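Coordinates in review
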Amino acid sequence: MCGIAGFVGEGEESDLARMLRAQAYRGPDEEGSRVDGESRVFFGHLRLAIVDLAGGRQPMTTQDGRLWVTFGGEIYNHMALRRELEAAGHRFQTDHSDTEVLLHGYREWGEELPRRLNGMFAFAIYDRDQKRLFLARDRFGEKPLFYFVGQHLFAFASEIKALRRHRSIDTAIDGEAVRKFLAYGFMPAPYGLYKNIFKLPQGSWLSHGLGDREPRVVRYWRYRVEPDPTLARRSVDDLAAELSGLLREAVRSRLMADVPLGIFLSGGLDSTAVLALAAAARPDNAVKSFSIGFAEPSYDETSWARLASRAIGSEHSEEMLSLDAARGLIPRLLPSVNEPLGDPSILPTYLVSAFARRSVKVALSGDGGDELFAGYDPFLALAPASLYRALVPRSLHRAVRLCVERLPVATTRMSLSFRVRQTLAGLTYPPKLWNPVWLAPGDPNGLAELLAEPVDIETVYSEAIECWESASSPDPVDRSLEFYGNFYLPEAVLTKTDRASMQASLEVRAPFLENDLVDFVRRLPSRFKLRGGQRKYLFRKAIAGLVPEPILKRGKQGFGIPLVAWMRSELNEPPRPCAGALDAAVVKRIWGQHRTGKRDHARMLWALLALERATA
């Protein structure tokens, strides 16, 4: 897995050391650095040793010293690439290090290298002959990569807080980044919360000559839903068989490790399928599975996880998350993430990661399954939402929404009142805003009130609008899949998983993001994903017989926490506005309304709390 950091220009080795220490949990096994004093190039690396424990030390160089690399992640097709490179005349020094494949691959293919990689990665390569840096990030952005551009300094790191440890980097907050965060509940690339700090977008590479003023950023891959007519003509059974084979290979490839490995098991469809496929790939070894539960019944899935474990035969462990545990965790976890995340499930994600880390160094997750196969509730809402919008006048909609807002606030998981409120909030706006508003901590009107200024929807929601309007297919389901695949998955789900698991020094892998699997699924017409009100239609067909029947038939629950109740009992004072950007009186009012049970502002209060702690 690992953490990376480096810079060109102003600074000393002490700056590099501070940058590495700030994210030390990303690589507790080993620390390394390399400096080109003449060109003022500083490379650092923190290693979480997973593959080729003896030969994978970094920063790694080619034998002639021309190319350097610092790399975090895993390249699952590295052995196939190694054989191809050896056939082309390259000679390797390590036994089976995926890091060395990057060096020889860059020498052979240059900027085309990222397109050939199947895995999760963030890396920086320094070409001493060309006096150039080359940075790249994987297709969905499983691994983070931030960079700073200044007059006499270019710097990069796995985390924002590592960049902030360099003495020459100013950390003035970017007001536009704050607005984006409050609009979405997460911060979209290229925003990095602070001015001149940027997030390299997923599926992108960056080239920076040592004498250049600005780097060049190129998007080498983008998730596109492009229904293939040839697939539409094939039978369901035939497609399910092909999908089953791709799923098996995706899980098998992610079992590659020279250290102990386990599975995150919620008892939901995706994680149970991953467990079943992992167990089938390792028939001689009991697979370890890990779950986190809650005292609140509507949020607890441990009984389903136990059912899955018993049926498949894993070595299962579980732990309960209590209110007391969460109370002690919030002050420590949120500031250490150093990037506001509006998803409170980062708490149980961290706890299951820390729990698993006691036994294993690598865990497989079900991330990506809902985004690829239309597994979320909003996919079911698209058709009735379109009908509602066509039939209900705007004046009547406002009246309906006002009445619904007066319903009692429920504290159970995904209550009916919560779903109706969120659906109606989205329907206040055009279809291109439905998905972001349904997922967000608030809507544009509430955001304008919080900021005490008008909100330009086209600007604040520009990324979501672009996803909707540039989609290859006009089908609302396909358009929504592009939103989830290009935006919500990388910026919210994978960001949460990376930050939470790395805090525990655990590597998490997502089999659903396997290149060949994704390329097959994105070409499926939407009726193979959503049919007759059933989500993940073809996926369910593909795993039938592997997954216990009750789990195959159960509905979507999600990995949430009792946020409404927790924010009511535990948030004893309003979050403090960030750098004067927010209206303190509005923050205090929504806090008071939530505390008294008059309104449900739990998600916005969590977002404000996350922003406060990240910028403290």
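Residues numbered from 1 in each chain as written. Predicted model: local features only at pLDDT ≥ 70, side-chain atom pairs only at ≥ 80, totals over all residues. Heavy atoms only, no water.

Across the sheet, which stays open at both edges, the six strands sit in the order 4-5-6-7-11-12 with antiparallel pairing between neighbours. Looking at strand neighbours, the two that pair on one side only are strand 4 (60-61) and strand 12 (216-219), the edges of this open sheet. Of the strand pairs in this sheet, strand 4 and strand 5 (residues 67-75) are connected by two bridges, and their pairing is antiparallel. By the bridge assignment, Thr61 is partnered in strand 5 with Trp68. Against the sheet, helix 3 (residues 98-109) makes contact with strand 4, strand 5, strand 6 (119-127) and strand 7 (132-137), and its axis sits at roughly 125 degrees relative to strand 5, the strand it touches most. (Pairing = 2+ DSSP bridges. Helix = DSSP H or I, 4+ residues; strand = E, 2+ residues; numbered from the N terminus. Contact = heavy atoms within 4.5 Å. Axes fitted to C-alpha atoms, helices over the stretch in contact; angles between N-to-C directions.)

On the secondary structure map, Asn118 appears in the loop between helix 4 (113-116) and strand 6. For Asn118, a relative accessible area of 10% translates into the label buried. Along the backbone, Asn118 and Asp516 are 398 residues apart, and their C-alpha atoms lie at a distance of 8.8 Å. One polar contact links the side chain of Asn118 to the main-chain amide nitrogen of Asn515, over a distance of 3.5 Å. (Buried < 20%, exposed > 50% of the residue type's maximum accessible area, 1.4 Å probe, protein only. Polar contact = N/O pair within 3.5 Å; in protein donor to acceptor, adjacent residues only side chain to side chain.)

All right, on to the nonpolar core then. If you look at the biggest cluster of nonpolar residues, it comprises 190 residues, and the most contacted ones within it are Phe123, Leu182, Leu243, Leu247, Phe379 and Trp606. Apart from the residues lying within four places of it in its own chain, the contact partners of Phe123 are Ile4, Val69, Thr70, Phe71, Leu102, Leu113, Leu117, Phe134, Leu135, Ala136 and Leu145. Judged by nonpolar contacts, the second largest core, of 17 residues, contains Ala124, Tyr126, Leu133 and Phe154. (Core = buried A, V, L, I, M, F, W, Y, C linked by side-chain atoms within 4.5 Å.)

The subject of this paragraph is the pattern of salt bridges. Tallied over the full model, the rule gives 50 salt bridges. Notably, a salt bridge pairs Glu458 with Lys432, separated by 2.8 Å at the nearest N-O pair. Taken as a pair, Glu458 in helix 19 (residues 457-460) and Lys432 in the loop between helix 16 (416-427) and helix 17 (434-439) lie far apart in primary sequence, 26 residues in all. Through salt bridges with shared partners, a single ionic network connects Arg26, Lys143, Glu159, Lys199, Glu339, Glu491, Asp498 and Arg499. (Salt bridge = Lys/Arg side-chain N within 4 Å of Asp/Glu carboxyl O.)

What follows is about the packing of helix 2 (residues 78-87) against helix 3. The axes of two packed helices give the description: the angle between them and the distance between them. Where helix 2 meets helix 3, the axes come as close as 10 Å, and the angle between the chain directions of the two elements is 45 degrees. Considering the angle they form, helix 2 stands oblique to helix 3. Helix-helix and strand crossings are classified by hand; for helix 2 and helix 3 the assignment is left-handed. Of the residues in helix 3, those in contact with His78, Leu81, Arg82, Glu84 and Leu85 of helix 2 are Asp98, Glu100, Val101, His104, Gly105, Glu108 and Trp109. Residues of the contact of helix 2 with helix 3, tallied by class, amount to four nonpolar, three polar and five charged. (Parallel < 35°, antiparallel > 145°, perpendicular 65-115°, else oblique. Left-handed = near helix turned anticlockwise from the far one by under 90°. Nonpolar A, V, L, I, M, F, W, Y, C, P; charged D, E, K, R; others polar.)

Right, let's get into the pairing of strand 11 (residues 204-209). A large share of strand 11 lies buried, amounting to six of its six residues. The pairing of strand 7 with strand 11 spans five bridges and is antiparallel. Each bridged residue has a counterpart across the sheet, and for Leu135 the counterpart in strand 11 is Leu206. For strand 11 and strand 12, the ladder comprises four bridges, and the chain directions are antiparallel. Residue pairing across strands places Trp205 opposite Val218, the latter belonging to strand 12.

Okay, helix 9 (residues 269-281) next. Taking 1.5 Å per residue, 13 residues should reach 18 Å; helix 9 reaches 18 Å between its end C-alpha atoms and fits that length. Most of helix 9 is tucked away, with 10 of its 13 residues classed as buried. Looking only at helix 9, the buried set comprises Leu269, Asp270, Ser271, Thr272, Ala273, Val274, Leu275, Ala276, Leu277 and Ala278. (Expected span 1.5 Å × (residues − 1).)

Here three bridges tie strand 13 (residues 261-264) to strand 16 (residues 362-364), and the two strands are oriented parallel to one another. Note that in strand 16 the partner of Ile263 across the bridge is Leu364. Each parallel crossover has a hand, and for strand 13 linked through helix 9 to strand 14 (residues 288-294) it is right-handed. (Right-handed = clockwise from strand over helix to strand, strands pointing away.)

This part covers the sheet that holds strand 10 (residues 197-199). Ordered in space as 2-3-1-9-8-10, the six strands form an open sheet in which the pairing is antiparallel. Looking along the sheet, the strands with just one partner apiece sit at the ends: strand 2 (30-36) and strand 10. Across this sheet, the average inter-strand angle for adjacent strands is 15 degrees, counted without regard to direction. Across five bridges, the pairing between strand 1 (residues 3-9) and strand 9 (residues 153-157) is antiparallel. Across the sheet, residue Phe7 finds its bridge partner in strand 9, namely Ala155.

Attention now moves to the packing of aromatic side chains. Taken as a whole, this structure holds 30 aromatic pairs when the rule is applied. Aromatic side chains Trp221 and Tyr223 sit 6.4 Å apart centroid to centroid with 45 degrees between the ring planes, which places their arrangement in the tilted category. Its relative accessible area of 15% is what places Trp221 among the buried residues. Measuring from ring centre to ring centre gives 5.1 Å for Tyr376 and Tyr484, while their planes differ by 25 degrees; the resulting arrangement is stacked. Of this pair, Tyr376 sits in the loop between helix 13 (369-373) and helix 14 (377-391) while Tyr484 sits in helix 21 (residues 476-503), placing them 108 residues apart in sequence. Put simply, the rings of Tyr184, Phe186, Tyr376, Phe379, Tyr461, Phe483, Tyr484, Phe487 and Tyr488 pair up and form one aromatic cluster. Note that Arg34 overlies the ring of Trp68, its terminal NZ or CZ placed 5.8 Å from the centroid. Between the NZ or CZ atom of Arg139 and the centre of the ring of Trp221, over which it lies, the distance is 4.1 Å. (Phe/Tyr/Trp six-rings, centres within 6.5 Å; stacked < 30°, edge-to-face > 60°. Lys NZ or Arg CZ within 6 Å of the ring centre and 35° of its normal.)

Turning next to unusual backbone geometry. Apart from glycine, the bulk of residues carry a negative phi angle, and the bulk of peptide bonds sit in the trans form. Looking along the chain, the bond that leaves Gln58 and enters Pro59 is cis, with omega of -5 degrees. Here the residue pair Ala189 and Pro190 is connected by a cis peptide bond, since its omega of 10 degrees sits within 30 degrees of zero. Its place among the elements puts Pro190 in the loop between helix 6 (175-184) and strand 10. One non-glycine residue, Arg40, lies in positive phi territory at about 60 degrees.

Below, the discussion takes up empty space enclosed by the protein. All chains considered together, the criterion is met by seven cavities of 30 Å³ or more. Size it by volume and the largest cavity reaches roughly 110 Å³. Around the largest cavity, the lining is made up of 16 residues, and of these Cys2, Arg47, Val51, Asp98 and Thr99 lie nearest the centre. At the level of secondary structure, the elements contributing two or more residues to the lining of the largest cavity comprise strand 5 and helix 3. (1 Å grid on protein atoms, 1.4 Å probe; cavity = no way out; pocket = protein on both sides within 12 Å on 5 of 7 lines; lining within 4 Å. Points joined across faces, edges and corners; volume = space filled by probe spheres on them.)

Bringing the environment of Gly293 into the picture now. Relative to the assigned elements, Gly293 resides in strand 14. Residue Gly293 is classed as buried on the basis of its relative accessible area, which comes to 0%. Spatially, the C-alpha atoms of Gly293 and Arg589 are 33 Å apart, while their sequence positions differ by 296 residues.

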